[in-house]
Amino acid sequence: MSKFTLAVLIVALVAATALGQGSAPTLRIVTEDPNLPSELFYGNIKVKPTRLRPGTNTPITINDADFFVSQHYVDFFGRFPDQGGLGYWTNEISSCVGSPTPCSIIGRKVGVSAAFFIENEFQQSGYFVYKLFKGTLDRLPTYAEFKPDRRTIMSSSSIATGKTALAAAFVQRPAFVQKYQNATTRDTFVDAIIATVQQTSGVSLAGQRNALLSQYDSGGRAAVISAVAEDASFSTAEYNRAFVAMQYWGYLNRDFDQGGYQFWLDVVNNRVTNNYRAMVCAFITSREYQERFGSSIFYTNSDCANIN
C-alpha cells in the first residue's frame, strides 16, 4: 500500500446553514476504482484535501518528488506504485539536489514524466485502448471512455488477460456493431478494418491481410482488432497523436480542446529535437495541473525555458 494512502486528509467544510441559507450540502466520497484514491465532494464541488506526511504536520504537495511520481502511477498506469519503481523515479528527481553536474529539478521532472508514456506498461495498456478506438472506430476515445477501458486491462490478472477481455467486450459495443454491421464474413470484416486503419492513419495493412484472416479464424473479430492495435506500423503512425492526447487525459484528467491539441501536435511533429520535453513541461507547470492538488503554484511555464 502506498504511504500516501495513509496520509491524513483535512477537509475544511463551510456550513451553508448560516443566515437561513438552508441545509448544508452533503459530503460525498466517490470511489471509481477501489484500488485508487477516492475523491471527496461537498455537494457538487470537488474538495482538494490537504495531505500530511504520517506523524507530522508537513504537507505533501505535487512539488514533492515522491508524490509527483506516485501520482504519475495513478494517472498513467491506473495503479499505485510498486516500492521499487517509486524509489527509482523519485531518486531520479531528488538526486539533482547536490549533484556534481549541473541539472534542474524541473528538467528531471520532465524526463521522468515523459518516461511514463514511453514505459511498456502504458504502451500495453493506455496506448492499446487508444489504438482500439482509432483503428476500428476512426476516432479517439473520450476521457470518460479511456479510463474504464484502461481499468479493465490493469485490474485483470495480467495485462495480456486484460487486453483480451477488453477486445472481446469492444466488438460487442453498439458503435462497433453498427459500423461493421455489413461486414458479415471473415473477408469482408478484415477488409473493412484494413480500410478503417488506412483512412484514420494512412497506414496500409494490405500486406497483413492473410495474417489478419488467420487471426479471425483463431479468435474472431476480437483477435483481429487486437492484432491491428499491436501492429508496429500503426503504432508508429499514431504515436505522437496519442502522446498529445495523453497530456490531457493524464495531467488534466479531461478531454482536450481541439485548438490546444492541434497546437501541441504541431509542436511535437514539426519542431526541434526533444520538442516533446517542451510540451510535457508546459503541462506539468500549468496552473490547471498544479491546482488539481491544491492552491499552491510552484512552477510557471517560464520555468521551462532552459530545461534541455
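Description of the structure in this document. Small disclaimer: the values here were computed from a predicted structure and weren't measured.

**Re the packing of helix α5 (residues 126-137) against helix α6 (residues 143-154)**
Then comes step 1: Two numbers describe how α5 lies on α6: the axes approach to 9 Å, and their chain directions differ by 125°. What the angle tells us is that α5 and α6 run oblique. Where α5 crosses over α6, the handedness of that crossing is right-handed. Contacts between α5 and α6 involve G126, F128, V129 and F133 from the first element and E145, F146, D149, R150 and I153 from the second.
Then comes step 2: The residue makeup of the contact of α5 with α6, split by class, is five nonpolar, one polar and three charged.

**So, empty space enclosed by the protein**
Then comes step 1: Applying the stated criterion to the full structure yields one cavity of 30 Å³ or more.
Then comes step 2: Taken together, I62, N63, F68, I106, K109, I284, Y289, Q290 and Y299 make up the full set of residues lining the largest cavity.
Then comes step 3: Only α3 (105-118) and α14 (287-290) provide two or more residues apiece to the lining of the largest cavity.
Then comes step 4: When its residues are assigned to classes, the lining of the largest cavity shows six nonpolar, two polar and one charged.

**Observations regarding the state of the cysteines**
Then comes step 1: If you walk through the whole model with that rule in mind, you get two disulfides.
Then comes step 2: Disulfide pairing is shown between C96 and C103; the S-S distance is 2.0 Å. With the S-S dihedral at roughly 120°, the linkage between C96 and C103 falls on the right-handed side.
Then comes step 3: Using a relative accessible area of 8% as the deciding quantity, one classes C96 as buried.
Then comes step 4: Across the disulfide, C281 is cross-linked to C304 (sulfur-sulfur distance 2.1 Å). The disulfide joining C281 to C304 has a torsion of about -90° about its S-S bond and is therefore left-handed. With C281 in helix α13 (residues 275-284) and C304 in the segment after α14, this pair connects stretches of sequence that are 23 residues apart.
Then comes step 5: Across the protein, the disulfide pattern expressed with sequentially numbered bonded cysteines is 1-2, 3-4.

**Considerations on the environment of W89**
Then comes step 1: Of note, W89 is situated in helix α2 (residues 83-94).
Then comes step 2: Along the primary structure W89 and G111 are separated by 22 residues, whereas in three dimensions their C-alpha atoms are 9.9 Å apart.
Then comes step 3: With near-sequence residues (within four places) excluded, W89 lies in contact with V69, Y73, V112, A115, F116 and E119.

What counts as what
- Residues numbered from 1 in each chain as written.
- Predicted model: local features only at pLDDT ≥ 70, side-chain atom pairs only at ≥ 80, totals over all residues.
- Heavy atoms only, no water.
- Axes fitted to C-alpha atoms, helices over the stretch in contact; angles between N-to-C directions.
- Helix = DSSP H or I, 4+ residues; strand = E, 2+ residues; numbered from the N terminus.
- Parallel < 35°, antiparallel > 145°, perpendicular 65-115°, else oblique.
- Left-handed = near helix turned anticlockwise from the far one by under 90°.
- Contact = heavy atoms within 4.5 Å.
- Nonpolar A, V, L, I, M, F, W, Y, C, P; charged D, E, K, R; others polar.
- 1 Å grid on protein atoms, 1.4 Å probe; cavity = no way out; pocket = protein on both sides within 12 Å on 5 of 7 lines; lining within 4 Å.
- Points joined across faces, edges and corners; volume = space filled by probe spheres on them.
- Disulfide = S-S within 2.5 Å.
- Buried < 20%, exposed > 50% of the residue type's maximum accessible area, 1.4 Å probe, protein only.

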